[in-house]
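Okay, here's what each chain looks like letter by letter:
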Amino acid sequence: MRSFSYERATSPGAAAAAAAGTANAKFIAGGTNLLDLMKLEIETPAHLIDVNGLALDRIDETADGGLRIGALVRNTDLAADRRVRRDYAVLSRALLAGASGQLRNKATTAGNLLQRTRCPYFYDANLPCNKRKPGSGCAAIGGFSRQHAVIGASEACIATHPSDMAVAMRVLDVVVETVRPDGATRSIPIADLHRLPGDSPEIETTLQPGELITAVALPKPVGGTQAYRKVRDRASYAFALVSVAAIVQGDGTGRVALGGVAHKPWRVEAAESELPRGAKAVTARLLADAKPTKDNAYKLPLAERTLAAVLREARG
Amino acid sequence: MRFEHPATFNPIDQLKVIGHPTSRIEGPLKTTGTAPYAYERHDVVPNQAYGYVIGSAIGKGRIAAIDLEAAKGAPGVLAIVTAENAGKLGKGERNAAPLLGGPEIAHYHQAVAIVVAGTFEQARAAAQLVRIDYAKGDGRFDLAAGRDEAIAPHPSFGGPADTAVGDFAAAFAAAPVQLDATYATPDQSHAMMEPHASIAAWDGDKLTVWTSNQMIAWGAEDMAKTLGIPRDNVRLVSPYIGGGFGGKLFLRADVLLAALGARAARRPVKVALQRPLMFNNTTHRPATIQRIRIGAERDGRITAIGHESWSGNVSGGEPETAVSQTRLLYAGANRMTATRLAALDLPEGNAMRAPGEASGMMALEIAIDELADKLGIDPVALRIANDTQVDPEHPQRKFSQRQLVQCLNEGAARFGWSKRNPKPSQVRDGRWLIGMGVAAAFRNNLVTKSAARVRLDRQGRVTVETDMTDIGTGSYTIIAQTAAEMMGVPLEEVSVRLGDSDFPVSCGSGGQWGGNNSTAGVYAACVKLREAIAQKLGFNSAEAVFADGVVRSGNRSVSLAQAAAGGDLVAEDAIEYGDLAKTYQQSTFGAHFVEVGVDADTAEIRVRRMLAVCAAGRILNPKAARSQVIGAMTMGVGAALMEDLVVDKRHGLFINHDLAAYEVPVHADIPHQDMIFLDETDPISSPMKAKGVAELGICGVAAAVANAVHNATGVRVRDYPITLDKLIAAMPV
Ligand SMILES: Cc1cc2nc3c(=O)[nH]c(=O)nc-3n(C[C@H](O)[C@H](O)[C@H](O)COP(=O)(O)OP(=O)(O)OC[C@H]3O[C@@H](n4cnc5c(N)ncnc54)[C@H](O)[C@@H]3O)c2cc1C
Ligand code: SF4
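Just so we're clear, the structure is a prediction, and the values are computed from it rather than from any experiment.

Draft legend 1. The arrangement of the overall build of chain A in detail. Tallying secondary structure elements over chain A gives 10 helices and 11 strands in all. Radius of gyration (C-alpha) of chain A: 19 Å, near the 20 Å computed for a compact globule of 316 residues. Along the longest, intermediate and shortest principal axes, the C-alpha atoms of chain A span 55 × 50 × 35 Å. Within the span of chain A, comprising 316 residues, buried residues form 57% of the whole.

Draft legend 2. Quick peek at the overall build of chain B. Within chain B one finds 17 helices and 33 strands. The C-alpha radius of gyration computed for chain B amounts to 27 Å, which stays within 12% of the reference 27 Å derived for 733 residues, consistent with globular compactness. By its C-alpha atoms, chain B is 80 × 75 × 50 Å across when sized along the principal axes. Out of the 733 residues belonging to chain B, those deemed buried represent 65%. Counting only contacts in chain B whose residues sit at least 6 apart along the sequence, the fraction spanning at least 24 positions is 81%. Carbon and sulfur atoms form 51% of the exposed surface of chain B, whose accessible area is close to 25200 Å².

Draft legend 3. Just unusual backbone geometry, in detail. With an omega of -5°, the peptide bond running from Gly-102 of chain B to Pro-103 of chain B counts as cis. Of note, Pro-103 of chain B is situated in the loop between strand S4 (77–82) and strand S5 (104–105). At the junction of Tyr-720 of chain B and Pro-721 of chain B, the peptide bond is cis and its omega measures out at -10° in the coordinates. Turning to its location among the elements, Pro-721 of chain B is positioned in the segment after helix H17 (701–713). Located in the positive-phi region is Glu-41 of chain A, a residue other than glycine, with phi close to 55°. Its location among the elements puts Glu-41 of chain A in the loop between helix H2 (34–39) and strand S3 (47–50).

Draft legend 4. Seen up close, the interface of chain A and chain B. With 36 residues of chain A at the contact, the number on the chain B side is 37 residues. Between chain A and chain B, roughly 3000 Å² of surface is buried when both sides are summed, and carbon and sulfur atoms account for 53% of that area. Three residues, Asp-233, Arg-234 and Arg-305 of chain A, lead the burial of chain A against chain B; their summed loss comes to 23% of the area buried on that side. In this structure, the connection of chain A to chain B is made through four salt bridges.

Draft legend 5. Layout of the packing of helix H6 (residues 216–227) of chain B against helix H7 (residues 253–265) of chain B. Residue and element names in this part refer to chain B. Viewed as axis vectors pointing N to C, H6 and H7 meet at an angle of 50°, and their least axial separation amounts to 11 Å. Between H6 and H7, the interaxial angle falls into the category oblique. Considering only the axes of H6 and H7, their crossing is right-handed. Contacts from Met-223, Thr-226 and Leu-227 in H6 reach Val-255, Leu-256, Ala-259, Leu-260 and Arg-263 in H7. Of the residues that constitute the contact of H6 with H7, the class distribution is six nonpolar, one polar and one charged.

Draft legend 6. Examining the sheet that holds strand S18 (residues 394–399) of chain B more closely. Residues and elements named next belong to chain B. Taken together, the three strands give an open sheet; going across it, the order is S17-S18-S28, and neighbouring strands pair in mixed fashion. Two strands bound the open sheet, and with one partner strand each, they are strand S17 (390–391) and strand S28 (584–585). Where S18 and S28 come together, two bridges link them in parallel fashion. Paired with Lys-398 across the strands is Tyr-584, a residue of S28.

Draft legend 7. Representation of helix H1 (residues 12–21) of chain A in the model. Residue and element names in this part refer to chain A. When we look at burial in H1, the residues that qualify are Ala-15, Ala-16, Ala-18 and Ala-19. All buried residues of H1 fall inside an arc of 160° around its axis, so they share one side. Contact partners of the buried residues in H1: strand S1 (5–8), strand S2 (25–28), S3, strand S6 (175–179) and strand S8 (212–218).

Draft legend 8. Region of the structure containing the environment of His-667 of chain B. Residue and element names in this part refer to chain B. Following the sequence through the fold, His-667 ends up in the loop between strand S32 (653–654) and strand S33 (672–677). For His-667, a relative accessible area of 77% puts it in the exposed group. Along the chain, His-667 and Thr-634 lie 33 residues apart, while their C-alpha atoms are 9.5 Å from each other.

Draft legend 9. How the structure looks around the site of ligand 1. Residue and element names in this part refer to chain A. In the vicinity of ligand 1 there are 33 residues, among which Phe-27, Gly-31, Thr-32, Thr-108 and Asp-164 approach most closely. Take Thr-108: an N or O atom from its side chain is 2.6 Å from an oxygen atom of ligand 1. Within the complex, 94% of the 970 Å² of free accessible area of ligand 1 lies under protein. Every element with two or more residues in the shell around ligand 1 is listed here: S2, H2, helix H7 (109–113) and S8. Here the residues of the shell around ligand 1 sort into 16 nonpolar, 11 polar and six charged.

Draft legend 10. Summary view of the pairing of strand S9 (residues 225–231) of chain A. Residues and elements named next belong to chain A. Across the seven residues that make up S9, a large majority, six, are buried. Relative to strand S10 (residues 242–248), S9 runs antiparallel, the two being bridged by seven bridges. Paired with Lys-230 across the bridge in S10 is Ser-243.

Draft legend 11. Expanded view of the sheet that holds S5 of chain B. All names here are of chain B. The strand order across the open sheet formed by three strands is S5-S3-S7, and the pairing between neighbours is antiparallel. Each edge of the sheet is formed by a strand with only one pairing partner; in this case those strands are S5 and strand S7 (131–136). The pairing of strand S3 (residues 61–67) with S5 spans two bridges and is antiparallel. What sits directly across from Arg-62, in S5, is Glu-104.

Draft legend 12. Local environment of the pattern of salt bridges. Scanning the entire structure with this criterion turns up 74 salt bridges over all chains. Measuring nitrogen to oxygen at the nearest pair gives 2.8 Å for the salt bridge that ties Arg-68 of chain A to Glu-177 of chain A. Of the two residues, Arg-68 of chain A sits in strand S5 (residues 67–70) while Glu-177 of chain A sits in strand S6, which places them 109 residues apart along the sequence. Judged by relative accessible area, Glu-177 of chain A falls into the buried class, the value being 16%. For Arg-609 of chain B, the salt bridge identified is with Glu-595 of chain B, shortest N-O distance 3.0 Å.

Draft legend 13. Layout of the pairing of strand S16 (residues 334–343) of chain B. Residues and elements named next belong to chain B. For S16, a buried count of eight out of 10 residues is recorded, marking the element as mostly surrounded by other parts of the structure. The sheet contact formed by strand S8 (residues 162–165) and S16 spans four bridges and is antiparallel. Across the sheet, the residue bridging to Val-165 is Arg-335, located in S16.

Draft legend 14. Examining the environment of Pro-45 of chain A more closely. Residue and element names in this part refer to chain A. The topology assignment puts Pro-45 in the loop between H2 and S3. Taking the relative accessible area as the measure of exposure, Pro-45 reaches 2% and is therefore buried. For the pair Pro-45 and Glu-177, spaced 132 residues apart in sequence, the C-alpha separation works out to 24 Å. When near neighbours in sequence (up to four residues on either side) are disregarded, Pro-45 contacts Ser-3, Phe-4, Asn-24, Lys-26 and Met-38.

What counts, and where the lines are drawn
- Residues numbered from 1 in each chain as written.
- Chains lettered and ligands numbered in written order.
- Predicted model: local features only at pLDDT ≥ 70, side-chain atom pairs only at ≥ 80, totals over all residues.
- Heavy atoms only, no water.
- Helix = DSSP H or I, 4+ residues; strand = E, 2+ residues; numbered from the N terminus.
- Rg over C-alpha atoms; globule rule 2.2 N^0.38 Å.
- Buried < 20%, exposed > 50% of the residue type's maximum accessible area, 1.4 Å probe, protein only.
- Contact = heavy atoms within 4.5 Å.
- Areas by Shrake-Rupley, 256 points an atom, 1.4 Å probe, with all protein chains shown as cover.
- Buried area = accessible area lost by both parts, 1.4 Å probe.
- Salt bridge = Lys/Arg side-chain N within 4 Å of Asp/Glu carboxyl O.
- Axes fitted to C-alpha atoms, helices over the stretch in contact; angles between N-to-C directions.
- Parallel < 35°, antiparallel > 145°, perpendicular 65-115°, else oblique.
- Left-handed = near helix turned anticlockwise from the far one by under 90°.
- Nonpolar A, V, L, I, M, F, W, Y, C, P; charged D, E, K, R; others polar.
- Pairing = 2+ DSSP bridges.
- Arc of directions from axis to C-beta.
- Near = heavy atom within 4 Å.
- Polar contact = N/O pair within 3.5 Å; in protein donor to acceptor, adjacent residues only side chain to side chain.

This is the structure in structure tokens:
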């Protein structure tokens, strides 16, 4: 770990301004991802801005009947919130499928959205990785890629986004609220928050330098039967091989997003019109341009079968 | 004491303390966090500095240049040791690759430097400033590719490279039912909780290392040899060990680098191998490719059995002796085994959790299940039909005890084996496909010299000292039970001090030899102490009875405290073994029964029920032994379903080198586990009439899981681990 300076932010605007005004600065929330990466010198911030003191740890009802989740609401508290469990069950289930109790106690809403990939090559600084060291190559291509992306990947990077929570948020169409260094705020639909790797996999979101996430807004409840199904080799404390977040309405329509298959939570709205025709038809559209590796080709039938199971259960 | 003849009645047979399910005597220290592990020995020596280990960034090649300038100037740095400035180093008897690499690099993450600084953070930060230029060489990282050039090694452990009895080829060719299948087991990591950790301190030319090591004498000897100093100048202390599983049998880089760092920094230095280094820097269980051929009559009797195994290792490393159990487990007149070793440039493969046996049983016990399928015979019945009470290669040599059949029958009855549908993929419970599997458990009992010192003091307390280790197994407790039984005192009157090279040399902990041999050594020392006490009191030692803290002979009785009133009475002795291990085959047996559910949609595999029935000589402490077996069963589930060090064959390393990527079972993976011991005492084994227990528990488990998966799904996976991607294509639509 490199030595770094540290400050406690006093307001969201000040935090963003400080981040833009200090070279190589980063926010730190729960630290469950950032600190691990700093110890390995995969992240090397020179300055940390601790946002834990900001009063962004509330879940409030919004005027349009939704919920605004503060950026610092801990994963444990979000999953346990009565309104979330009742109206956004997919989110609660996704959170509880992630990490462990201890980690969820620390992990924050914003930190979870911005957690970095679990590609093993990203974690080993001796090996090429365009995400860690732009231009060095991608060791996962032609290497061990059982966990990697099957769709939306590039010649530069085939990593996946590891978050469970983000997949549920994608299916719920949340809006990410931010404040920028100049004090301006904006709202980013979650579909636009994460980027595909393209030829710059080191740039993972559309956030601008210094831009601070302040909240995530859940639209008013959409009803339906909500499910989150996470498939993994061991029963707990493992990242998803494939996950399915789904909201299925009584009339057979609904929404689907996949985790573990791409550089971002994977949702293709057009594919959802196939829902009444079943999982095969949906995944045919959803994963139409999939380019799996030899190691991860299993994810295609797995995604379809998992979706089929979810739909079957949702429809009783 | 020489043990040459089967044991007769002795004080251990009283079973006043031995054989009771006593809780671990050091348990309160563990559960309150007060058992001091190596890295936490802040108390032992002042002024400790911190070492951070740098591992090689390449799998094979040379260091072209090292630039230490920037790192040396970093805050707090006291010293940096590399092969260039370490002085001449030897190599331990039991190390293959040098523990400090350079300029030649033998494997990925081979230690190439240690940075010593005033704090851990300073050492870690400075380590990143060390610039090393490597000249990458061509390495061999693919076992399958190296298979054809594999050689017949001369293993120092296990049997010869080739064994043959009768005419295997002809008998196999003539057999009406034949099985010929090839299996693969992956490289695996010990993944113990406590990483290798040491604090080293020099006092003149004398070195003391507080460390975490299973075999104190081996470690001290190899440390002296590596440093080129007299053995007597090295002291190793390792009273508490946070898991070893074979990974801490040997001197490893933490010990050497702490010593070199301390010498260079002129201060005590503590080192823990960083978790990401654990997988490539230390040893691991090597991958195997195993071909098994079995020929049988239609009634199930095996007429020919052949087992070949290929594994790889670095130069100087040994093969994984995966065929050894096949030589002994089942009858059959015509037999062959072959062990081959390929030259690889991966990290050193070595002992892990029943080395050889566990890997071999992973393949053999699937093969038997496959044969049962071909024959249409129940797999329990097939195993029973091929039981042998003698060493099949040397029929005059009997097993000292062999209750495999009893284990299978008892287990089948308790598990409800009769409810198993022999036809695969017939049983469902909601979305789960249900299957049952069985496998034999079989591990040999090894006898080896073990010494101890026992002291009686004027309070009547008994203190045992031996360099035996407790790696979480219960050594403290069974040693205390042995001394209490022998000296006729309550358990509370016994103190046990372990894991110090100043103490008499024991068998150490490994190969499931620790329990039986270390207690037998304590038995020997106690016999001597009883004689010394009797003599002191003028008693006839043959008649003296030690009970309730008192020695009695005829109508005289004297308390132990009184006997030692004039000063401590001390006795030291070792158990040494005669020929009984040659004239008898000593082994432990068991049967594993497993029920799995396979998700019909996702092919996720979850174990639902497990039962092990074991026969392993006298069980000195049923509670500790049970813990060992259920732990071993858990490891077997890991081996079956997830543990896999993935080789990147281009870069030459195990790429999933942390605990997020190398998965071992978590609580949610382990269902209700049941285990029972059959009554057994084995007088051939030792005066304790006990045998090894722990590693028996892992042998066969993975195959029982694999067989259950087959029964559930009809898919026969022959390369471990069995993961959903290998089943998904065969799942019902
Ligand atoms: C062993 C382990 C297992 C795990 N398993 C899972 C799993 O199964 N599923 C899963 O989904 N996750 C898993 N995780 C990941 C875990 O969910 C994340 O580490 C956690 O959510 C990150 O939140 P944090 O608050 O600790 O983030 P931090 O580590 O504090 O920050 C992460 C990133 O977000 C940035 N950041 C934080 N707050 C803000 C803000 N307000 N605005 C802008 N940027 C910000 C930081 O600068 C940093 O780049 C696991 C983690 C570990 C260590
Ligand atoms: S997949 Fe992405 S993260 Fe992984 S090695 Fe390639 S570039 Fe790096």
